[in-house]
Structures are given as structure tokens and as C-alpha cells.
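Reading the structure
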Amino acid sequence: AQTVTQSQPEMSVQEAETVTLSCTYDTSESDYYLFWYKQPPSRQMILVIRQEAYKQQNATENRFSVNFQKAAKSFSLKISDSQLGDAAMYFCAFLGGSEKLVFGKGTKLTVNP
Amino acid sequence: EAGVAQSPRYKIIEKRQSVAFWCNPISGHATLYWYQQILGQGPKLLIQFQNNGVVDDSQLPKDRFSAERLKGVDSTLKIQPAKLEDSAVYLCASSLATTRTDTQYFGPGTRLTVL
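None of the values given here were measured: they were computed from a predicted structure.

Here we come to the overall build of chain A. Across its full length, chain A holds 0 helices and 12 strands. In sequence order, the secondary structure elements of chain A are arranged as β-β-β-β-β-β-β-β-β-β-β-β. Seen through its C-alpha atoms, chain A measures out along the principal axes to roughly 40 × 30 × 20 Å. Pairs at least 24 apart in sequence give 54% of the contacts found in chain A among residues at least 6 apart.

For the structure shown, the criterion picks out 15 aromatic pairs over all chains. Seen from their ring centres, Y25 of chain A and Y32 of chain A are 5.4 Å apart, and the 65 degrees between their planes marks the pair as edge-to-face. We note that Y25 of chain A, like Y32 of chain A, is buried. Aromatic side chains F91 of chain A and F103 of chain A sit 6.4 Å apart centroid to centroid with 85 degrees between the ring planes, which places their arrangement in the edge-to-face category. Of this pair, F91 of chain A sits in strand 10 (residues 88-95) while F103 of chain A sits in strand 11 (residues 102-103), and the two are 12 residues apart along the sequence. This pair shows no difference in class: F91 of chain A is buried, exactly as F103 of chain A is. By way of ring pairs, the aromatic residues F35, Y37, F91 and F103 of chain A together with Y33, Y35 and F106 of chain B are connected into one cluster.

Okay, the interface of chain B and chain A next. The interface is formed by 21 residues belonging to chain B together with 19 residues belonging to chain A. When the two sides are added together, the surface that chain B and chain A hide from each other amounts to roughly 1700 Å², 50% of it contributed by carbon and sulfur. At the boundary of chain B with chain A, the tally comes to 1 salt bridge. As a salt-bridge pair, K100 of chain A and D56 of chain B come within 3.3 Å of each other at their nearest N and O atoms. Within the residue set of the side of chain B that touches chain A, elements represented by two or more residues are strand 4 (31-37) and strand 5 (44-50) of chain B. Here the residues of the side of chain B that touches chain A are counted per class, giving 7 nonpolar, 11 polar and 3 charged.

Glancing now at the pattern of salt bridges. All names here are of chain A. Within the structure shown, the criterion is met by 7 salt bridges over all chains. E52 is the salt-bridge partner of K55, the closest N and O atoms lying 4.0 Å from each other. For R63, the salt bridge is made with D86, and the minimal N-O distance between the two is 2.8 Å. Remark: D86 occurs in the loop between strand 9 (74-79) and strand 10 and R63 occurs in the loop between strand 7 (60-61) and strand 8 (64-69); sequence separation between them is 23 residues. Since its relative accessible area comes to 2%, D86 is described here as buried. One connected set of salt bridges, linked through shared partners, spans R50, E52 and K55.

Let us now look at the state of the cysteines. All names here are of chain A. Using the criterion set out here, one finds 2 disulfides over all chains in the structure. Across the disulfide from C23 sits C92; the S-S distance is 2.0 Å. Taking the sign of the torsion about the S-S bond as the criterion, the disulfide between C23 and C92, at about -70 degrees, is left-handed. With C23 in the loop between strand 3 (19-21) and strand 4 (24-26) and C92 in strand 10, this pair connects stretches of sequence that are 69 residues apart.

What follows covers unusual backbone geometry. A cis amide bond, omega -10 degrees, links S7 of chain B with the succeeding residue P8 of chain B. Relative to the helices and strands, P8 of chain B resides in the loop between strand 1 (5-7) and strand 2 (10-13). Each neighbour pair has its own omega, and for Q80 of chain B with P81 of chain B the value is -5 degrees, a cis peptide bond. Here P81 of chain B is to be found in the loop between strand 8 (75-79) and strand 9 (88-95). Its identity as a non-glycine residue notwithstanding, K73 of chain A has a phi of 55 degrees, on the positive side. By secondary structure assignment, the location of K73 of chain A is in the loop between strand 8 and strand 9. By relative accessible area, which is 26% here, K73 of chain A ends up partly exposed. If you check the backbone angles, D81 of chain A has positive phi at about 50 degrees while not being a glycine. Take D81 of chain A: it is sitting in the loop between strand 9 and strand 10.

Rules and cut-offs
- Residues numbered from 1 in each chain as written.
- Chains lettered and ligands numbered in written order.
- Predicted model: local features only at pLDDT ≥ 70, side-chain atom pairs only at ≥ 80, totals over all residues.
- Heavy atoms only, no water.
- Helix = DSSP H or I, 4+ residues; strand = E, 2+ residues; numbered from the N terminus.
- Contact = heavy atoms within 4.5 Å.
- Phe/Tyr/Trp six-rings, centres within 6.5 Å; stacked < 30°, edge-to-face > 60°.
- Buried < 20%, exposed > 50% of the residue type's maximum accessible area, 1.4 Å probe, protein only.
- Buried area = accessible area lost by both parts, 1.4 Å probe.
- Salt bridge = Lys/Arg side-chain N within 4 Å of Asp/Glu carboxyl O.
- Nonpolar A, V, L, I, M, F, W, Y, C, P; charged D, E, K, R; others polar.
- Disulfide = S-S within 2.5 Å.

This is the structure we're talking about:
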């Protein structure tokens, strides 16, 4: 079974600075998808960014980008120019052949003004 | 476009009682998911519907949990009887499901506390 590991239970960053959240996963599959979801306090979980494993180019969405290292099974999220509204739980998720999203335990991000 | 709606937002019950949660997906979304999110963990899929048929319920504790999606739109998740370990946030999500990688849109969740 696939597993997703987020080794940082909590992270903090100063407003306008850059922060990187780590994620590693374990799979024997070659065709899969990776996601970062954001869950603000008491609000809906929303998709931040996604990466197809067959694409070598790292995905970017405005201030959010990923560093996808397929051989190392690593998928980190970089948030540039952090804003107060970025404060949330961030979940890394894997989608493989089972078509079932597997989530990590999450990283709580605090943004300090 | 309206998002995924869930009710109630909060529920407190005694153990061995029954409880039901309701979800209304985004209009036109064929696939509906129920997740359980225990405090300090990521969501875990309980059941997945494609229209009104069950695609995956391998992680649903069927001795106490049940779910249905009549007419392929709204869905209800029921727990009977509840245990202390069922305390969690229950998230509903939906997707267009034209491909397996369609984005899942989540509702606000129902926070269940079992005393």
C-alpha cells in the first residue's frame, strides 16, 4: 500500500518570506499523481497544486511551486512571498492505480506578521 | 457555482447512539466521496460513489457505518451505534469524474464528538 509521509508537523514563516514543506511517498507504481491540499482553520480543504509523475517539469501555481524528485520519491511544496492567508494545514496526497487519494498527516503552517 | 454542502456542521452524541450526516455535491459531479479525518491525521477514504453505485467501500466499517446515494445526487452517511473512536471530522467531496484525476472539491465537514 502507498504511504505518504510529512515529517514536519509544524512550520512557521515570516510574512513575505519563503517556506518549503516536505513530503515523501512510497510506491512501486510509475504512473501516479501528487497533490498538495490546503485546509484553513474551520474551512474547506482546497487543492493548491498537482503534479503528474510522467512530467519532469515541476508544477507552479502563482506563489506555489513544487520540487518533484521522482527517483527520491520526494514532493516538496515551496511557498514564496508568504501571506497571512497562507496559514493552514497542508496535506500532501498520492493518487495511483487504486484511484484512491492517500493523504499524509499534514503540516501546520503558521505565518508570522 | 455552489460548493459541496454538508450538514450538520457539528454534532455531539453519546456512545451507542446513532447519527447521520448529509452531503449535497456540486451540481453535475458524478463522483462523491466520504472521508474520515481523525484529529492530527489526514483524511481517510471511507466510501466512493459513482452516480448511485458504490465504487470503493473497502475502508468502511460496515458493521456500524452505512452510506447511500439515492438518485445519484445527495448522500447520507450513518453511524449506528457510535463508538468513542468515531470522533472525527467527516468530509464529503465530489468530482466530475470524467477521469480519475479530476479535482476533488471538499465540503466544510461535519465535526462529530462521541462522549
